[in-house]
Amino acid sequence: MKFLSNVQTTHKVFAALVLAVLYALPIFITSPVMLQIFILIFLYAYLTSSWNFVGGFAGVLPLGHSAFVGLGAYTSTLLYLTYNISPWIGMIAGGIVAAAFGLLIGLPTLKLRGAYFALATIAFAEGLRVLVENVEKLGPFEVRGPKGLLINLVGNSFKDFQFLSKVPYYYIILTMLVLVLILTFFMMRSKVGYYLAAGGEEPEAAEALGIKVSKYKLIAMAISCFLTALGGTFYAQLVLYFYPKSIMGLDMSYEIAFIALIGGRSTIMGPVLGAFLLRPVGELTRIYLGDTLPGLHLIIFGLVLIIVMRYQPRGLVEPVSRWLNILFDRIEKRRRA
Amino acid sequence: MSLIAIENLCAGYGEIGVLFDVSMRVEAGEIVSIIGANGAGKSSLLKALSGLIPATSGTITFNDENITKLPADEIVERGLIHVPEGRRLFSLMTVFENLEMGAFSRRAQKDFKKNIQDVHELFPRLKEREKQLAGTLSGGEQQMVAIGRGMMSSPKVMMFDEPSLGLAPVLKKDIFAAVKRIAVEYGTTIVLVEQDVMNSLAISDRAYVMEQGQIVIEGTAQDLLKDPHIKEAYLGM
């Protein structure tokens, strides 16, 4: 484990402690509502971490990632409903479909910079949503347009990716999140990660050095879309009923981008921090003000984003990690004394 | 046959033409300066040579091979490297990591050890600052990294775009001396784009003067230093 040698012991202990607490949490929290909030926090942290592969490291701002959540959900659910294929296999199939779509739209758009790429991804996501809303039947698959898909309840069944309790969902998404964070860690330290960072910051200089910037951006896009789609299948199995607006709407795309920007894009922990800060706001406003002021959470996120960009343009992960480092240093000193 | 031969090259950005009928040649082992005012097309000429902007007509031949239509990475692979204007470092990477980024091509990976030694010999400062983030370096040190990063690609030709831009006069001298050393010690051919006409002619063998996207004067550095037009327009004498 050479890569861990430059990480301080206190950091390792802290990370292990946080993980232990999170894995033990369902023992103490039994309220399904609370568990659901945690599940959604982890799901959004997972989706944002997946987004981060292209939105963070490749230096572009995709604003249509809900399209890939939707592709994942629709692929696995349609395969399940039509051929009774286990959603676990459908999950991988959804990932492959999403990666293929990602490459398809990345090829012409990843050369665009700044707002142009963001606009292109919005157009793609909205186009796909409208398309799905207007398709009743696609070959053997009953897509059911705007009515959405309902997954029949079969009770506790691992093969069918269905559980009556929230606890299994909690562990599945927490594990998915941990795995994607580990993948991010290795990605950042890999050659591909460096080439992406180089192309993101100084595309022309990177190209002048012979780095095939667009090739690496495409790789990042494919990985990102694949992982995002896995989250889509998870979401479908969690709620068991979804329709185009609920699973591939723009508000989800925006929320992912908000979480990344406020937490700190192109960092490992930024998406997690952002999800922990923003998701509860989204849940609580939905529970208490959902009828009177739907979408209020997006307004709040917008305000938070403006304030964060004004005072911490690299995201909140920067001051937080600075405080943690000060804390760790003190602990380290006291331990040595 | 010259190492680089450019024939009637036209290039630009989209519809807008910037280079018009540019022809020039560079012999192996030479230092050739391209001088001219802002907006004369010097940087665009380098970008066209390194494949960053497409040529609309004309040909670029390197080592007897037509490279006009090749993408940037293939041109680097053949040994032509462009050290861009304004240093363009990867600010969140360390000095060492920036140098590593220069060794992208297969050829460069093979020579990695030797190249890093050469860079450290030329700029001992970069060895001392190996682990420092590039964004925190001074302007002169950043330029050293930019040059070093170019050397890491095992180039036959290095093309510098205004390496002395924004540096104090003392540091400028160091940078020009380093460019000269690269040519003398490693036999690298140099194409130098500069606005500091005096210093760049002083280390060059030959030079081209560009005005409004065209080459207007060419000659040996010695002759150009005596040219009345150059004296008046660029040296203020």
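Relevant structure appears above.
Keep in mind that what you see is a predicted model, and the values were worked out from it rather than measured. (Residues numbered from 1 in each chain as written. Chains lettered and ligands numbered in written order. Predicted model: local features only at pLDDT ≥ 70, side-chain atom pairs only at ≥ 80, totals over all residues. Heavy atoms only, no water.)

1. Description of the overall build of chain A
Within chain A, the secondary structure is distributed over 14 helices and four strands. For chain A, whose C-alpha radius of gyration is 20 Å, the value lies close to the compact-globule estimate of 20 Å for 337 residues. Put simply, chain A has 337 residues, and 51% of those count as buried. The contacts in chain A between residues at least 6 apart in sequence include a share of 75% that link residues at least 24 apart. The distance from the centre of the 27 positive side-chain charges to the centre of the 16 negative ones in chain A is 8 Å. (Helix = DSSP H or I, 4+ residues; strand = E, 2+ residues; numbered from the N terminus. Rg over C-alpha atoms; globule rule 2.2 N^0.38 Å. Buried < 20%, exposed > 50% of the residue type's maximum accessible area, 1.4 Å probe, protein only. Contact = heavy atoms within 4.5 Å. Lys, Arg positive; Asp, Glu negative; His and termini not counted. Charge placed at Lys NZ, Arg CZ, Asp CG, Glu CD.)

2. Side note on a nonpolar patch on the surface
All names here are of chain A. Taken together, the side chains of Val33, Leu284, Ile287, Tyr288, Leu289 and Leu293 present a nonpolar region at the surface, about 590 Å² in accessible area. If you tally residues by element for the nonpolar patch, the top one is helix 12 (residues 270-289), at four residues. Residue position: valine 33 is located in helix 2 (residues 32-55). (Patch = residues over 30% accessible without salt bridge, like charges linked within 9 Å, V, L, I, M, F, W, Y side chains within 5 Å. Areas by Shrake-Rupley, 256 points an atom, 1.4 Å probe, with all protein chains shown as cover. Salt bridge = Lys/Arg side-chain N within 4 Å of Asp/Glu carboxyl O.)

3. A few points about the interface of chain A and chain B
Counting residues at the interface gives 18 residues for chain A and 20 residues for chain B. Taken together, the two surfaces of chain A and chain B that pack against each other cover about 1800 Å², and 65% of this comes from carbon and sulfur. Of all residues in chain A, A:Tyr194, A:Ala208 and A:Leu209 give up the largest surface area on contact with chain B, accounting jointly for 33% of the area buried on that side. In this assembly, chain A and chain B are joined by three salt bridges. (Buried area = accessible area lost by both parts, 1.4 Å probe.)

4. So, the environment of A:Gly59
Residue and element names in this part refer to chain A. With respect to the element layout, glycine 59 can be found in the loop between helix 2 and helix 3 (66-83). Taking the C-alpha atoms as reference points, glycine 59 and isoleucine 256, separated by 197 residues in sequence, lie 16 Å from one another. Residues within four places of glycine 59 in sequence aside, it is in contact with Val54, Gly200 and Arg265.

5. Side note on the layout of surface pockets
All names here are of chain A. Its boundaries defined by the atoms lining it, the second largest pocket holds a volume of some 590 Å³. Tyr235, Lys245, Ser246, Asp251 and Arg286 are the residues nearest the centre of the second largest pocket, which is lined by 26 residues in total. Breaking the lining of the second largest pocket down by element, the ones donating at least two residues are helix 2, helix 5 (115-133), helix 9 (213-239), helix 10 (244-248), helix 11 (250-263), helix 12 and helix 13 (296-311). Partitioned by chemical class, the residues of the lining of the second largest pocket number eleven nonpolar, seven polar and eight charged. (1 Å grid on protein atoms, 1.4 Å probe; cavity = no way out; pocket = protein on both sides within 12 Å on 5 of 7 lines; lining within 4 Å. Points joined across faces, edges and corners; volume = space filled by probe spheres on them. Nonpolar A, V, L, I, M, F, W, Y, C, P; charged D, E, K, R; others polar.)

6. Some thoughts on the environment of A:Pro280
In this structure, A:Pro280 sits in helix 12. Among residues more than four places away in sequence, those in contact with A:Pro280 are A:Ile41 and A:Ala275.

7. Structural notes on the sheet that holds strand 6 (residues 80-83) of chain B
Residue and element names in this part refer to chain B. In space, the six strands of this open sheet follow the order 6-7-8-3-9-10, with mixed pairing throughout. Looking at which strands have only one partner, the edges of the open sheet turn out to be strand 6 and strand 10 (214-220). Mean inter-strand twist for the sheet, computed between neighbouring axes without regard to direction, equals 15 degrees. Relative to strand 8 (residues 189-194), strand 7 (residues 157-161) is paired through five bridges, and the arrangement is parallel. Following the sheet pairing, aspartate 161 is matched in strand 8 by valine 193. (Pairing = 2+ DSSP bridges. Axes fitted to C-alpha atoms, helices over the stretch in contact; angles between N-to-C directions.)

8. Brief notes about the packing of helix 3 (residues 95-102) of chain B against helix 5 (residues 112-122) of chain B
Geometrically, a packed helix pair is captured by the angle between its two axes and the distance between the axes. Residues and elements named next belong to chain B. Where helix 3 meets helix 5, the axes come as close as 11 Å, and the angle between the chain directions of the two elements is 130 degrees. When the axes of helix 3 and helix 5 are compared, the pair comes out oblique. Read as a crossing pair, helix 3 and helix 5 show a hand that is right-handed. Packed against helix 3, whose contacting residues are Phe96, Leu99 and Glu100, the element helix 5 presents Phe112, Ile116, Val119 and His120 at the interface. Broken down by class, the residue content of the contact of helix 3 with helix 5 amounts to five nonpolar, one polar and one charged. (Parallel < 35°, antiparallel > 145°, perpendicular 65-115°, else oblique. Left-handed = near helix turned anticlockwise from the far one by under 90°.)

9. Comments concerning the packing of aromatic side chains
A full pass over the atoms with the stated rule returns 26 aromatic pairs over all chains. Between A:Trp88 and A:Phe161 the ring centres are 4.1 Å apart and the planes differ by 15 degrees, which places this aromatic pair in the stacked class. Pair noted here: A:Trp88 is in helix 4 (residues 87-109) and A:Phe161 is in the loop between strand 3 (149-150) and helix 6 (167-189), with a separation of 73 residues, a long-range link. Here A:Trp88 falls in the partly exposed class, since its relative accessible area comes to 24%. By relative accessible area, A:Phe161 is classed as buried at 0%. Where A:Tyr195 meets B:Phe104, the ring centres are 4.8 Å apart and the plane angle is 70 degrees; that geometry is what we call edge-to-face. Taken together, the residues span two chains, with A:Tyr195 in helix 7 (residues 191-201) and B:Phe104 in the loop between helix 3 and helix 4 (106-110). Of the two residues, A:Tyr195 and B:Phe104, neither departs from the other in class, the shared state being buried. Each residue in the set A:Tyr23, A:Phe38, A:Phe42, A:Tyr170, A:Tyr171 and A:Phe276 is aromatic and connected to the rest through ring pairs, giving one cluster. (Phe/Tyr/Trp six-rings, centres within 6.5 Å; stacked < 30°, edge-to-face > 60°.)

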